[in-house]
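# Descriptive structure summary
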Amino acid sequence: MSIVFVDLVGSTRLSALIDPERYREVLAAYYQATAEELESLRGRAVNVAGDAVVGVFGLPQVHDDDALRAIRAGISIAARVGELGDALSLPVPLRCRVAVSTGPVAIGGEAVERGLLSGAVVNTAARLQQAAEPGTVIVGELTRLLTEDAVEYGERKDVRAKGFDDALPGFPVVALAPRSSRRTIPFVDRRHELRLLTDTFERAVESHRGHMITLLGEPGIGKSRMADEFLSALPSETKVLKGRASPFEEDVTFAPLAQILLQEIDERPDAPPERLQARLEEMVLSCCPSDEAGPMIVRLGYALGLGEEPRDERRYRAGEIRSGLAPFLRGLSQRGPVVLAFEDLHLAEEPLLDLVEQLVRDSKGMRLLVLCVARSELLDRRPGWGGGLGDSLNIYLEPMSPEHATELALQAGEGLDARTAELVARHAGGNPFFIVETTGMLLHEEVGLPPGAETFPEQLLPPTVQAVIAARIDHLSPEARDLVRKASVFARFTFALSELELIAEPNERALQMLEEEELLVRDAEGVYRFGHGLVRDVAYESLPKRERRRLHLALAEALSVDAETAARNPRSIAYHLEQAARAALDLDPNDRSLAERAFRSLSRAGELALDASDARAAADLCERALAMAGPRKGWGPSEATVLSNLGEARYWLGEFEGAARPLTSALEIGGAEPGIRAHASRFLGDVELSIRGNPERAGELFDQALDAARDLGDPWTLARTLLVAGWAPYWRGDLASARAMFREALAVTRDNSLGDPWAEARALCALATAVEDDGDEEECLALNSQALAIAEAKGDRFSISVAREGVGNALRRMWRLDEALPHLDQAVEAFRELGSRWELASALTSRGILHRLAGRTREAVKDLREAYGICREVKERSIVTWTASALAQALLASGDVTAARLVLREAASVANPEGPAPMIWLQEAEVWVLLAEGDSDAALDRAMELLREARDGGHAKDAAAWTWRIGRVWGAEAAGGEGEVSAARGLLESVHLQQILREPVLAGV
Ligand SMILES: Nc1ncnc2c1ncn2[C@@H]1O[C@H](COP(=O)(O)OP(=O)(O)OP(=O)(O)O)[C@@H](O)[C@H]1O
Ligand SMILES: [Mg+2]
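Figured I'd write up the structure that's included with this text. (Residues numbered from 1 in each chain as written. Chains lettered and ligands numbered in written order. Predicted model: local features only at pLDDT ≥ 70, side-chain atom pairs only at ≥ 80, totals over all residues. Heavy atoms only, no water.)

This part covers the overall build of the chain. In terms of helices and strands, the chain carries 47 helices and 16 strands. In terms of overall dimensions, the chain has a C-alpha envelope of 135 × 60 × 55 Å along the principal axes. Burial statistics for the chain: of 1005 residues in total, 55% are counted as buried. Contacts in the chain between residues far apart in sequence, at least 24 positions, make up 67% of those at least 6 positions apart. When the accessible surface of the chain is summed, it comes to about 42,900 Å², and 50% of that surface belongs to carbon and sulfur atoms. Counting 114 positive and 158 negative side-chain charges, the chain places the averaged centre of each group 1 Å from the other. (Helix = DSSP H or I, 4+ residues; strand = E, 2+ residues; numbered from the N terminus. Buried < 20%, exposed > 50% of the residue type's maximum accessible area, 1.4 Å probe, protein only. Contact = heavy atoms within 4.5 Å. Areas by Shrake-Rupley, 256 points an atom, 1.4 Å probe, with all protein chains shown as cover. Lys, Arg positive; Asp, Glu negative; His and termini not counted. Charge placed at Lys NZ, Arg CZ, Asp CG, Glu CD.)

Below is the structure:
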């Protein structure tokens, strides 16, 4: 065992300088501080004589690290005694000398109880102590040998003492070697899982194909530890990139990627953007070909929040980031294997999950392993996680077997007896976290063990792991306990010491104790996190409400000190105000002042999230804002605005019914305000139109939105409202009104002196679509080309691709097939990269049709099959019939009549006749399928029907098209005579619709 000998320096002088009663108080404080420090490291004070204190480590159980803990206690005591002197404002500084010496002490428990401790070790410590400089620690030879790896020592001193002949070697402690103090519990079992990980990694490296492994399991089952063990054993040339999902970042969705990039460029998130930009460039150029670096840097920059993008374009950020990340990883993996590790993926947002899967899909040729760690709830949310990927494996971690669990309890419990270890293992149900925490608690629990008991009685084990953690927190020194509680107000995964200093006065000793107990983990210099989320929760629970209110408020205020800090932290500020308000409301439900501040702050953060297209976060923030609003009957315009924003957020998330509810309430409550009316009716109108298939109601809502937008005189709102509203008359077949609205939208954007290129490009494309139905293809091409030029000037890939598809289709209808192809190729590629599925399906359909017309039947079928697959997958409702019709026609061209018939049959069963997808597309294909099936009469009947409908509906182009087709296949007579046919031809030529005149016939008669 190890002895710590502490002696006050100059106590005689001090006692002469101050009042005897005061002196006794000083001594009492000194004893108490010393005892606390000893106990906090599992030592105990056994002998107090005059102003010397003797502590012992290794009673009743000897531990391997007794000597080290004794030294740590010595250091803490020396520091604490110095602080005590300052705190008591003594006339002279209070200092002590400390010595540590190790060796056998032959005494029974009873002697200890009576404070009798003697033996050579104690004498040695007493003698060494005299040689220590005041305020420092000196140790003996054996102690030094036992702690050499962990402690840095100064030059050896030969200590001579009165009454002893020979000199004693003494070694002054200079410092603890960094991190040495943490005793890591050896890794137990999990060898099958570890082997799976290693094998998969090796397979990825050998096959040059990205692989993915997901470790799943309940909290505390050992997922993170497994991942750590695996990562730390990887060959040194492997590049490991680590990111962690956490719901409390300012940019939740891409936080894990931002962490990875920041780690690689060795910067903090709040570094100046120019520096981040420069470092990012440096990093990309160091591993990737310089001709590809430009766009990669821009796209990766989005993950770091670099680059300005207004609301309309940010929706495709995930795709942009992925299309930067994939080539970056490829570049890295050229130099050596890469492991991309994501922790706590169950907390990740959908776009990140999509991104990860897509990344693996695109990882051919990469020596890449993606290691995901998640609680099992990931599979509840994404039952198909990793499914459909060729090289993906989900592993579920089971509780430990009783043998291994006991082994872990023994390892973690430092000399715990076997029966208690078994008890702990069983009690914890084989959950390693529970085991580690329980043994951690028992290490302090000599108190709890009844005299004479050999094992720990089961009824003394706390029933839950939370209770175990609570017991461990209770056992901390008062300052450490205070600190861990205060730190618990940070909900974010890590926090900086500088942040903690805003609300506490963390001292090195308390921090070290928290680290030693593994309650806190130091990630980097000055950056900490909780060893486990539960520790934070339990610490937070034990924080009195008054304290919570005070601390959260203090943090919110510290984060709002200046405009720049506030602008960087809107969600954190809102969070702290929210938590302060919760505590305040619990304390006094009538005091709503903080709740009102929280409401404002949360709604503002929600608005900013919408601007950043972070719809999930926006919805969450709006919901939380509303929870802070008072009773519903008192709601007014501010609450209605939040309701309306909540509606918009859900709309972007594709939760249309969930959007309709708050939008309707927003109109009920705040409909009198033009801003709210314009906003809520616009989105509700679109739900009515595109989802509920109710163009009448949609039309009313759009009218209402338009009136309000005009009242507001806000050109942005007005343009966007017109851009959605125009589709109501379009689907009703009122092309003139649709065109008028899109024209007005265009005019509004052009009058906008600040410019609104996004809406301008959109208005041009919409107008082109409305023109296409009965206008001239030349005009359609011109409009789309203008849109393309605007989008290109702006560099917005999404708008560029939308315009390219329009240009390509117009060229195709004009039979300029070779010119059309590159536009459609680029649109397909861009939408694929951006991950915008709907647009991809549309562009693939456009390209598939082009391929068929150009005689490339195989390519046509391939594109159209993919397009149709996506439509089915996303439950598409407006282009599905167009896509199915094109697929059926391509199949006919390939000679597969049966498959064509099947596609039509299936599409007819999924398409909703009341929905916006026109059934006419299926009818068109039906004509050709019937013909190919040999039923020429039925085919002609159908064709005639389509001709009649086109005429009745006043669709001159369609009528001409059918007249021409019927004439060509069944003869001019059937089409009403030569005159009709040539008039049709004239019309088609005049509007440049060459496609109809030149398309190949799909079956002979
Ligand atoms: N096989 C093992 N051997 C030794 N210790 C282990 C083992 N597995 C887990 N532990 C310890 O148990 C504790 C909990 O494990 P870990 O943090 O890995 O759990 P987790 O599954 O990641 O939990 P969570 O879902 O809460 O993040 C840690 O202290 C870890 O070191
Ligand atoms: Mg974990």
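Here the narrative resumes, following the displayed structure.
This brings us to helix 43 (residues 920-932). Side chains three or four residues apart in an α-helix point the same way, a direct result of the helix having 3.6 residues per turn. For helix 43, spanning 13 residues, the distance from its first C-alpha to its last is 19 Å, which sits close to the expected 18 Å at 1.5 Å a residue. Three or more residues of helix 43 are buried, namely Leu922, Glu924, Ala925, Glu926, Val927, Trp928, Val929, Leu930 and Leu931. Buried-residue contacts for helix 43 involve helix 41 (880-893), helix 42 (897-910), helix 44 (936-952) and helix 45 (956-970). Following helix 43 by one or two positions, Gly934 adopts a phi angle in the positive range, close to 95°. (Expected span 1.5 Å × (residues − 1).)

Right, let's talk about the pattern of salt bridges for a bit. Applying the stated criterion to the full structure yields 64 salt bridges. Here Glu133 ties to Lys157 by a salt bridge, and the two come within 3.9 Å at their closest N and O atoms. Of this pair, Glu133 sits in the loop between helix 5 (120-129) and strand 5 (137-139) while Lys157 sits in strand 7 (residues 157-159), and the two are 24 residues apart along the sequence. In this structure Glu133 comes out as partly exposed when scored by relative accessible area, which is 49%. Exposure remark for Lys157: the relative accessible area of 27% places this residue in the partly exposed category. Between Glu926 and Arg942 there is a salt bridge whose closest N-O contact spans 3.6 Å. Linking Glu926 in helix 43 with Arg942 in helix 44, this pair joins segments that are 16 residues apart in sequence. (Salt bridge = Lys/Arg side-chain N within 4 Å of Asp/Glu carboxyl O.)

With that settled, the discussion passes to the sheet that holds strand 10 (residues 239-244). Here five strands make up an open sheet; going across it, the order is 10-11-12-9-13 and the pairing parallel. If you trace the sheet from one side to the other, it starts and ends with strand 10 and strand 13 (392-396), each paired once. Taking each pair of neighbouring strands and ignoring which way they run, the sheet shows an average axis angle of 15°. Relative to strand 13, strand 9 (residues 211-217) runs parallel, the two being bridged by five bridges. Residue pairing across strands places Ile213 opposite Leu393, the latter belonging to strand 13. Docked against the sheet, helix 9 (residues 255-265) engages strand 10 and strand 11 (338-343), running at close to 140° with respect to strand 10. (Pairing = 2+ DSSP bridges. Axes fitted to C-alpha atoms, helices over the stretch in contact; angles between N-to-C directions.)

Once that is clear, we can look at the site of ligand 1. Around ligand 1 lies a shell of 19 residues, among which Gly220, Lys223, Ser224, Arg375 and His532 are the nearest. His532 is positioned with one of its side-chain polar atoms (N or O) 2.5 Å from an oxygen atom of ligand 1. Compared with its free state, where it exposes 630 Å², ligand 1 has 89% of that area covered by protein. Counting residues per element, the ones that place at least two in the shell around ligand 1 are helix 8 (223-232) and helix 17 (432-442). Counted by class, the shell around ligand 1 contains ten nonpolar, four polar and five charged residues. (Near = heavy atom within 4 Å. Polar contact = N/O pair within 3.5 Å; in protein donor to acceptor, adjacent residues only side chain to side chain. Nonpolar A, V, L, I, M, F, W, Y, C, P; charged D, E, K, R; others polar.)

Burial analysis of strand 1 (residues 2-9) places seven of its eight residues in the buried class, which makes it a mostly covered element. Across eight bridges, strand 1 lies against strand 4 (residues 95-102) in antiparallel orientation. For Val4, the partnering residue across the bridge sits in strand 4 and is Val100. For strand 1 and strand 3 (residues 52-57), the ladder comprises six bridges, and the chain directions are antiparallel. In the sheet register, Ile3 faces strand 3, and the bridge partner there is Val56.

So, on to unusual backbone geometry. The backbone phi angle of Arg190 is positive, close to 60°, even though this residue is not glycine. Here Glu518, not a glycine, exhibits a phi torsion of approximately 60°, which is positive. Positionally, Glu518 belongs in the loop between helix 21 (508-516) and strand 15 (520-524).

Within this structure, the stated rule accounts for 16 aromatic pairs. Sitting over the face of the ring of Tyr540, Arg536 holds its NZ or CZ atom 5.1 Å from the ring centroid. Above the ring of Trp962, the side-chain terminus of Arg965 is found at 4.7 Å from the ring centroid. (Phe/Tyr/Trp six-rings, centres within 6.5 Å; stacked < 30°, edge-to-face > 60°. Lys NZ or Arg CZ within 6 Å of the ring centre and 35° of its normal.)

With that settled, the discussion passes to a negative patch on the surface. Among the surface-exposed residues, Asp935, Asp937, Asp941, Glu945, Glu949 and Asp952 lie close enough to one another that they form a single negatively charged patch. Locating Glu949 in the fold gives a position in helix 44. (Patch = residues over 30% accessible without salt bridge, like charges linked within 9 Å, V, L, I, M, F, W, Y side chains within 5 Å.)

Now for the pairing of strand 3. Of all the six residues making up strand 3, six are buried; the element is thus mostly covered by neighbouring parts of the structure. Of the two faces of strand 3, the one carrying Ala52, Val54 and Val56 and the one carrying Val53, Gly55 and Phe57 are both buried. For strand 2 (residues 44-49) and strand 3, the ladder comprises five bridges, and the chain directions are antiparallel. In the sheet register, Asn47 faces strand 3, and the bridge partner there is Val54. Hairpin connection, strand 2 to strand 3: the antiparallel pair is bridged by two residues, and Gly50 has positive phi, about 60°.

With that settled, the discussion passes to the environment of Gly533. As for its placement among the helices and strands, Gly533 is situated in helix 22 (residues 533-541). Judged by its relative accessible area of 42%, Gly533 falls in the partly exposed class. Put simply, Gly533 and Ser488 are 45 residues apart on the chain and 9.6 Å apart in space, counted from C-alpha to C-alpha.

On the secondary structure map, Asp391 appears in the loop between helix 14 (377-381) and strand 13. Using a relative accessible area of 17% as the deciding quantity, one classes Asp391 as buried. A polar contact is formed between the side chain of Asp391 and the side chain of Arg209, at a distance of 2.8 Å. Discounting residues that sit within four places of it in the chain, Asp391 has contacts with Arg203, Arg209, Gly210, His211 and Met212.

Mapped onto the secondary structure, Glu516 falls in helix 21. Along the backbone, Glu516 and Arg832 are 316 residues apart, and their C-alpha atoms lie at a distance of 50 Å.

Here we take up the environment of Ser246. Within the element layout of this structure, Ser246 appears in the loop between strand 10 and helix 9. The exposure class of Ser246 is buried, given its relative accessible area of 5%. In this structure, the C-alpha to C-alpha distance between Ser246 and Ile573, residues 327 residues apart in sequence, is 17 Å.

Where helix 40 (residues 857-873) contacts helix 41, the two axes come as close as 9 Å, and the packing angle between them is 150°. When the interaxial angle is binned, helix 40 and helix 41 end up roughly antiparallel. For the pair helix 40 and helix 41, the crossing hand works out as left-handed. Of helix 41, the residues touching helix 40 (which contributes Thr857, Ala860, Val861, Leu864, Arg865, Ala867, Tyr868 and Cys871) are Val880, Thr883, Ala884, Ala886, Leu887, Ala890, Leu891 and Ala893. (Parallel < 35°, antiparallel > 145°, perpendicular 65-115°, else oblique. Left-handed = near helix turned anticlockwise from the far one by under 90°.)

Looking now at helix 22. For helix 22, the complete set of buried residues consists of Leu534, Val535, Arg536, Val538, Ala539 and Tyr540. Where the residues of helix 22 are buried, they touch helix 17, helix 18 (465-474), helix 19 (478-487), strand 16 (527-530), helix 23 (545-559) and helix 25 (570-587).

It is the contact of helix 9 with helix 10 (residues 273-287), at a shortest axis distance of 10 Å, that shows an interaxial angle of 80°. In this view, helix 9 runs roughly perpendicular relative to helix 10, as classed from their interaxial angle. Of the residues in helix 10, those touching helix 9 at Leu261, Leu262, Glu264 and Ile265 are Leu276, Arg279, Leu280 and Met283.

Ranked by size, the top nonpolar core spans 114 residues in total, and within it Leu723, Val927, Trp928 and Trp970 carry the most contacts. In terms of residue count, the dominant contributor to this core is helix 35 (residues 757-772) (eleven residues). Of all hydrophobic cores here, the second largest spans 52 residues; its members include Leu241, Leu257, Leu325 and Leu352. (Core = buried A, V, L, I, M, F, W, Y, C linked by side-chain atoms within 4.5 Å.)

Once that is clear, we can look at the state of the cysteines. In protein structure, a disulfide is the covalent linkage between the sulfur atoms of two cysteines. This model, assessed by the stated rule, comprises zero disulfides. Free cysteine Cys287: the closest other cysteine sulfur is in Cys288, separated by 3.4 Å. (Disulfide = S-S within 2.5 Å.)

We now examine the sheet that holds strand 15. A sheet is described by the order of its strands in space; here three strands give the open sequence 14-16-15, paired in antiparallel fashion. Two strands bound the open sheet, and with one partner strand each, they are strand 14 (494-496) and strand 15. For this sheet, the mean inter-axis angle between neighbouring strands, taken without regard to orientation, is 35°. Across four bridges, the pairing between strand 15 and strand 16 is antiparallel. Looking at the pairing, Leu520 lines up with Phe530 of strand 16.

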